[in-house]
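Here's the letter readout for the chains.
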Amino acid sequence: CVLTALALVTLELVRTAQGATRWDWLLHSGAVVFLIALGAARRIPPAVKATVRRLRLVDERGDPTPAAEQVLGAVQRLQRSYARVGAVVGVVLMGVIWLWARGVSVVASTLFWLELGAAGMAGFVVGGFVAYARLGWVLDELGLHPKVTPSHPDGAAGLRPVGALYLRQALIVSLIGLFAGVWWLLFPFVGYASWRAPYLAIVLICIALEVVALFVPLLAFHRHMVSERSRLLAEADLAVGRLSEAPETGWTTDDPTAAERERTWSRWQAIDTMPTWPIDARIRRRFTVSNLAMLLPFALQLVNAPQIVQQASQVLSAWSGP
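All values reported here derive from a predicted model rather than from experimental measurement.

(A) Representation of the packing of helix α7 (residues 160–190) against helix α8 (residues 196–215) within the structure. For the pair α7 and α8, interaxial distance at closest approach is 8 Å and the crossing angle is 170°. With respect to α8, the element α7 is oriented roughly antiparallel. In the contact of α7 with α8, the residues fall into 21 nonpolar, 4 polar and 2 charged.

So, in structure tokens, the structure goes:
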């Protein structure tokens with residue numbers, strides 16, 4: 001990361017002798033955001049390991065099993081495969097974009113090769129994220145499941161670490177969207193007005209990708225939690241039914257039978273209100289804040305709402321073709 005930053009600064013010093021006021025600040029601020037996102041992405045693999053080891057895994061019979069290392073091995077194999085593919089795809093896409101925009105003459109540009117390298121790194125990271133997003137499916141293939149606890153204090157039936165992991169990945173995407181949103185607001189004042197429509201598209205794409213990055217990996221866990229809630233609720237219904245048919249005359253708070261009745265009702269209520277997504281209130285709040293941050297530049301220009309709508313329609317028209 002440091003070498004990349006130094007290379008960009010050196011390139012700009014050679015390219016522009018007029019000083020920092022003539023630098024391409026869009027390029028350099030983008031490089032800074034890229035390096036920050038890359039640094040954040042490097043913390044994801046340790047977070048995956050910590051998440052898997054925190055899960056209380058059980059087999060298909062519901063028996064506890066120390067299978068965390070087996071799961072991590074399968075995920076790491078996927079990561080190596082997906083990351084290599086992602087790196088190749090990133091380089092190819094960036095190369096096609098540059099050649100399309102500038103022609104074959106760009107091969108003589110140092111910036112072209114730097115951006116190819118950055119695209120390769122970004123593709124490597126994105127490929128890894130896709131592999132980590134398959135954690136729930138890996139557990140299904142191995143016949144393992146995280147144990148669900150309806151009354152768990154984490155507010156997500158004991159699976160909050162899973163939601164927190166994928167929130168971290170989604171927030172990296174939101175960082176790019178926030179960068180694009182801020183520049184969208186600044187473009188009319190710094191000579192990049194023609195870039196407003198593309199950057200509006202980037203913000204909208206980042207919002208969509210952030211939702212996908214959080215919720216798609218959670219689908220397998222959601223299905224498991226729905227299934228467990230249904231199974232546990234059926235058992236709790238039977239227990240409540242038996243107690244409801246028992247005579248209540250003479251029961252007191254000191255009666256052991258009354259205490260059993262209270263525990264059974266509490267258990268039923270915990271199961272009935274159990275969340276079916278591994279997301280607690282704190283995760284929902286942080287996710288909402290990140291999306292609002294991406295949209296903040298547009299909120300600052302509400303007086304120009306018709307212009308924003310017009311630009312959005314132009315972007316959609318460009319996507320839909322002639």
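Additional details are given in the paragraphs that follow.
(B) Seen up close, the packing of aromatic side chains. Per the counting criterion, the structure on display carries 2 aromatic pairs. Each ring, one from Phe-215 and one from Trp-277, has its centre 5.7 Å from the other, and the planes form 85°; the classification is edge-to-face. Of the two residues, Phe-215 sits in helix α8 while Trp-277 sits in the loop between α10 (256–272) and α11 (281–299), which places them 62 residues apart along the sequence. Classification of Phe-215 as partly exposed rests on a relative accessible area of 30%. Pairing Phe-215 with Phe-287 gives two aromatic rings, centres 5.8 Å apart and planes at 90°, and the pair type is edge-to-face. Of this pair, Phe-215 sits in helix α8 while Phe-287 sits in helix α11, and the two are 72 residues apart along the sequence. Put simply, the rings of Phe-215, Trp-277 and Phe-287 pair up and form one aromatic cluster.

(C) Inspection of the packing of helix α2 (residues 25–41) against helix α5 (residues 110–132) at higher detail. In the contact formed by α2 and α5, the axes pass within 11 Å of each other and the chain directions differ by 30°. Here α2 is positioned roughly parallel relative to α5, judged by the angle of their axes. With respect to the hand of their crossing, α2 and α5 are arranged in left-handed fashion. Taking contact as the criterion, the partners of Leu-27, Phe-34, Leu-38 and Ala-41 in α2 are, on α5, Leu-111, Glu-115, Ala-118, Met-121, Ala-122, Val-125 and Phe-129. Classifying every residue of the contact of α2 with α5 by side-chain character gives 10 nonpolar, no polar and 1 charged.

(D) Looking closely at the pattern of salt bridges. Counted under the stated rule, the structure contains 6 salt bridges. Between Asp-280 and Arg-160 there is a salt bridge; the shortest N-O distance is 2.6 Å. Of this pair, Asp-280 sits in the loop between α10 and α11 while Arg-160 is found in helix α7, placing the two residues 120 residues apart along the sequence. A relative accessible area of 16% means that Arg-160 is categorised as buried.

(E) The layout of surface pockets, seen in detail. Its volume calculated, the second largest pocket comes out at about 240 Å³. Considering the residues around the second largest pocket, the lining is formed by 16 residues, among which Val-58, Gly-62, Lys-147, Glu-228 and Arg-231 are closest to the centre. For the lining of the second largest pocket, the elements supplying multiple residues, two or more each, are β1 (57–59), β2 (144–146) and α9 (219–245). Considering every element that reaches the lining of the second largest pocket, the biggest residue donor is α9, with 4 residues.

Conventions adopted
- Residues numbered from 1 in each chain as written.
- Predicted model: local features only at pLDDT ≥ 70, side-chain atom pairs only at ≥ 80, totals over all residues.
- Heavy atoms only, no water.
- Axes fitted to C-alpha atoms, helices over the stretch in contact; angles between N-to-C directions.
- Helix = DSSP H or I, 4+ residues; strand = E, 2+ residues; numbered from the N terminus.
- Parallel < 35°, antiparallel > 145°, perpendicular 65-115°, else oblique.
- Nonpolar A, V, L, I, M, F, W, Y, C, P; charged D, E, K, R; others polar.
- Phe/Tyr/Trp six-rings, centres within 6.5 Å; stacked < 30°, edge-to-face > 60°.
- Buried < 20%, exposed > 50% of the residue type's maximum accessible area, 1.4 Å probe, protein only.
- Left-handed = near helix turned anticlockwise from the far one by under 90°.
- Contact = heavy atoms within 4.5 Å.
- Salt bridge = Lys/Arg side-chain N within 4 Å of Asp/Glu carboxyl O.
- 1 Å grid on protein atoms, 1.4 Å probe; cavity = no way out; pocket = protein on both sides within 12 Å on 5 of 7 lines; lining within 4 Å.
- Points joined across faces, edges and corners; volume = space filled by probe spheres on them.

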